[in-house]
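So you can see what is in the structure, the chains are spelled out below.
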Amino acid sequence: KPGTPVARWTEIVAPRNDANLTEFTAFGDVLVYSLLAKGNEEVHLYHLREKRDQTIAFQEVTYDAGFGVDGDPQKIFISYSSPLSPPKTYNLELPS
């Protein structure tokens, strides 16, 4: 909630020595974020109501990964590329 004192904030993505938070956006009740861990991009969904973290698994080591929305905030796209195959984009419908 805007204006909430820092002392009352809740940590969702804990700091890690082996990863850097590179991007995050809230889409409704889902926080979507990217981590750069050991040279590999990871995309995560944190379900705020359930307090549950979900890692989006890619089929191979990623060179670049990201996410965005095109119109409907309940429908996001996740894209990635790797050294082994051309860029791919997946559409994901978030729970309402």
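For the structure, see preceding data.
Thresholds, definitions, all that
Residues numbered from 1 in each chain as written. Predicted model: local features only at pLDDT ≥ 70, side-chain atom pairs only at ≥ 80, totals over all residues. Heavy atoms only, no water. Helix = DSSP H or I, 4+ residues; strand = E, 2+ residues; numbered from the N terminus. Buried < 20%, exposed > 50% of the residue type's maximum accessible area, 1.4 Å probe, protein only. Salt bridge = Lys/Arg side-chain N within 4 Å of Asp/Glu carboxyl O.

Caption draft 1: Layout of unusual backbone geometry. Unlike most non-glycine residues, Lys38 shows phi in positive territory, near 55°. Examined against the element boundaries, Lys38 turns out to sit in the loop between β2 (30–37) and β3 (40–47). Positioned with a positive phi, Lys51 is a non-glycine residue whose angle comes to about 50°. Mapped onto the fold, Lys51 is located in the loop between β3 and β4 (52–56).

Caption draft 2: Broad picture of the side chain of Ser81. Mapped onto the fold, Ser81 is located in strand β6 (residues 75–81). The exposure class assigned to Ser81 is buried, which follows from its relative accessible area of 16%.

Caption draft 3: Broad picture of the pattern of salt bridges. Applying the stated criterion across every chain yields a total of four salt bridges. Its salt-bridge partner being Asp18, residue Arg16 comes within 3.0 Å of it at the nearest N-O pair. According to the relative accessible area criterion, Arg16 is partly exposed, its value standing at 34%. Among the residues examined, Asp18 registers a relative accessible area of 36% and is labelled partly exposed. A salt bridge links Lys88 to Glu60, with the nearest nitrogen and oxygen atoms 3.6 Å apart. Separated by 28 residues along the polypeptide, Lys88 in strand β7 (residues 88–93) and Glu60 in the loop between β4 and β5 (64–69) bring together distant segments of the chain. Here Lys88 falls in the partly exposed class, since its relative accessible area comes to 25%.

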